[in-house]
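Residue-level listing of the chains:
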Amino acid sequence: MRVGFLGLGIMGGPMASNLVKAGHEVVVWNRTPGKQVEGARSASSPAEAAQGAEVVWMCVADTHAVEQVLFGANGVEQSLSEGMIVADSSTISPAATAKFAERVKARGARYVDAPVTGSKAGAQSGTLVFIVGGEERDIERLKPLFAAMGKKIFRMGNTGKGQAAKIAMNLQIALIYEGFAEGITLAAKLGVDPGTLVPLINATMVHSGVVEYKAPAVLNRDFTPNFPLRLMHKDIRLALEAAKEARVKLPALETVEEVYEVAAEDGDGNLDFAATLTLLEKWAGVEVKGVLV
Ligand code: NA7
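About the criteria used
Every chain is numbered on its own, with residues counted from 1 as its sequence reads. Thresholds applied to this predicted model are a pLDDT of at least 70 for local features of residues and 80 or more for the giving and counting of side-chain atom pairs; totals over whole chains, interfaces and linings are not thresholded and use all residues. Excluded from the side-chain calculations are hydrogens and water; all other atoms, namely the structure's heavy atoms, are used. Secondary structure elements follow DSSP: runs of H or I no shorter than four residues count as helices, runs of E no shorter than two count as strands, and numbering proceeds from the N terminus. A radius of gyration in this sense is built from C-alpha atoms; the matching globule rule multiplies 2.2 Å by the number of residues raised to 0.38. Relative accessible area decides the class of each residue, using a 1.4 Å probe on protein chains only: under 20% of the type maximum gives buried, over 50% gives exposed, and in between gives partly exposed. Whether two residues are in contact is decided by their heavy atoms, any of which lying within 4.5 Å being enough. All accessibility values rest on the Shrake-Rupley procedure with a 1.4 Å probe; residue burial counts only the protein chains present in the view. His is not counted here, nor are the chain ends, while Lys and Arg score as positive and Asp and Glu score as negative. Note on charges: their place is set at NZ of Lys, CZ of Arg, CG of Asp or CD of Glu. Note that the domain bounds were set by an automatic or database domain assignment. Buried area counts how much accessible surface, traced with a 1.4 Å probe, disappears from two parts once they are put together, with both parts' losses summed. Should a side-chain nitrogen of Lys or Arg be within 4 Å of a carboxyl oxygen of Asp or Glu, the pair is scored as a salt bridge. Here a polar contact means two N or O atoms within 3.5 Å. Within protein one must be a hydrogen donor candidate and the other an acceptor candidate, and residues neighboring in sequence count only if both atoms are side-chain atoms. Only centres within 6.5 Å qualify two rings of Phe, Tyr or Trp (six-membered ring in Trp) as a pair; their planes then separate them into stacked at under 30 degrees, edge-to-face at over 60, and tilted for everything else. Whether a charge sits over a ring depends on NZ of Lys or CZ of Arg being within 6 Å of the ring centre and within 35 degrees of the ring normal. Within this scheme a cavity is a closed region of a 1 Å grid, computed over the protein atoms alone, that accommodates a 1.4 Å probe without allowing it to escape, whereas a pocket is open but has protein on both sides within 12 Å along at least five of seven lines; lining residues each have an atom within 4 Å of a point. Grid points are joined across faces, edges and corners, and a volume is the space filled by probe spheres set on the points.

### Considering the overall build of the protein
- Each helix and strand counted, the protein has 12 helices and 9 strands in total.
- Over its C-alpha trace the protein gives a radius of gyration of 20 Å, about what one expects of a compact globule, namely 19 Å for 293 residues.
- Projecting the C-alpha coordinates of the protein onto the three principal axes gives extents of approximately 65 × 45 × 35 Å.
- Taking all 293 residues of the protein together, 53% fall into the buried category.
- Contacts spanning at least 24 positions in sequence make up 68% of the contacts within the protein whose residues lie at least 6 apart.
- Per element, the accessible surface of the protein, about 13400 Å² overall, is 54% carbon and sulfur.
- Counting 30 positive and 33 negative side-chain charges, the protein places the centres of these two groups 3 Å from one another.

So this is what it looks like as structure tokens:
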């Protein structure tokens, strides 16, 4: 398929590369020039990347970025055509997604929200999970592209429902990780070796995919970003914003948002979100490290 791919960050770069490897004709664009994808042509604007494409795929930072890419200067809007599908793998506001989709559809094009889970490793290995909102027939047409970048697609409903499900999931990842971080900080302060606590967690009902994935890096003090803290902070804010609009109270998330706020102020935004642990350590006067037994 002819694909215009917009946004070559931690996630977008390897996703576009996997499309090329699967034999698709890809034209890429990134806001800051210089990022390229082997085997893909580079365009100088979103409009140019979208020109003549069957599908335009976005993976940019946030709601504002998607708005800019679609409707800003030299945006995708200029190149929209009848039947073209705009797919968005950024994680952004469900309410804004509905508005963007309306504007795109008014020009005869289609809109599918397709945020992902699987972090950098999933993007690189083409094993992302897509959490999708949109019409069945459009999702069907996108299947060869989903297959090149991921291993599973979950359709959550019509446009915007992919984003709604994604923020509801990331809310849980943030809270589960916070639970782990608080538990292991307290245990370390009370003299328990974190290297022995993690296997105990993994062998009991406390076990979780989040802990399994994060604990080895945490014990090695490796906070290289798989999913940057600033982006998890964005997703927490998106969930709180959606909750406010829907009159839903999320007391635990409100508190955890404050942890991310302080961590971001401390300059940890570009580290992995696992680095929120270091704040708890600072407050407790203890460091969590150890060798997994
Ligand atoms: P990164 O690695 O921070 O990459 C973000 C990308 O978004 C990168 O290509 C940025 O371009 C681009 N960006 C940021 N702001 C804008 C604006 N205003 N206009 C156009 N492009 C922009 O994030 P990830 O790849 O990890 O994640 C991307 C999304 O997937 C995000 O929503 C996650 O939550 C899930 P730059 O190179 O900075 O010019």
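Past the structure itself, the notes keep going.
### Concerning the domain arrangement of the protein
- For the protein, the assigned domains are domain 1 (2–158) and domain 2 (164–284).
- When each unit is reduced to the centre of its C-alpha atoms, the spacing between domain 1 and domain 2 is 28 Å.
- Listed by partner, the interface residues are 17 residues for domain 1 and 16 residues for domain 2.
- Carbon and sulfur atoms supply 65% of the area that domain 1 and domain 2 bury against each other, a total of about 1200 Å² over both sides.
- Counting across the domain 1 and domain 2 interface gives 0 salt bridges.
- Summed over the shared surface of domain 1 and domain 2, the result is 4 residue pairs in polar contact (both at pLDDT 80 or more).
- With 3 residues, helix 5 (residues 119–125) is the largest single contributor of residues to the side of domain 1 that touches domain 2.

### So, the packing of aromatic side chains
- Tallying each qualifying case throughout the model produces 7 aromatic pairs.
- For the ring pair W57 and F146, a centre distance of 5.4 Å and an interplane angle of 85° mean the geometry is edge-to-face. Taken together, the residues span a long stretch of sequence, with W57 in strand 4 (residues 55–58) and F146 in helix 6 (residues 136–149) at a distance of 89 residues.
- Using a relative accessible area of 2% as the deciding quantity, one classes F146 as buried.
- Look at Y177 and F273: their rings are 5.5 Å apart centre to centre, the planes differ by 80°, and that puts the pair in the edge-to-face class. Of this pair, Y177 sits in helix 7 (residues 161–189) while F273 sits in the loop between helix 11 (251–265) and helix 12 (277–284), and the two are 96 residues apart along the sequence. An identical accessibility class is assigned to Y177 and F273; each is buried.
- Ring-pair connections join several aromatic residues into one group, and the members of that group are Y177, F180, F227 and F273.
- The ring centre of F71 lies 3.8 Å from the NZ or CZ of R103, which sits over that ring.

### Regarding unusual backbone geometry
- A positive phi angle, close to 55°, is found at R221, a residue other than glycine.
- Relative to the assigned elements, R221 resides in the loop between helix 9 (209–219) and helix 10 (229–245).
- Residue R221 is classed as partly exposed on the basis of its relative accessible area of 25%.
- A positive phi angle, close to 55°, is found at R247, a residue other than glycine.
- Relative to the elements of secondary structure, R247 occurs in the loop between helix 10 and helix 11.
- On the accessibility criterion, R247 (78% relative accessible area) is exposed.

### A short note on the layout of surface pockets
- Empty space within the largest pocket amounts to approximately 1200 Å³.
- In this structure, the largest pocket is lined by 47 residues; those nearest its centre are M11, C59, F227, P228 and L231.
- The set of elements that each furnish at least two residues to the lining of the largest pocket consists of helix 3 (63–71), strand 7 (116–117), helix 5, helix 7, helix 9 and helix 10.
- Top contributing element to the lining of the largest pocket by residue count: helix 10, with 5 residues.

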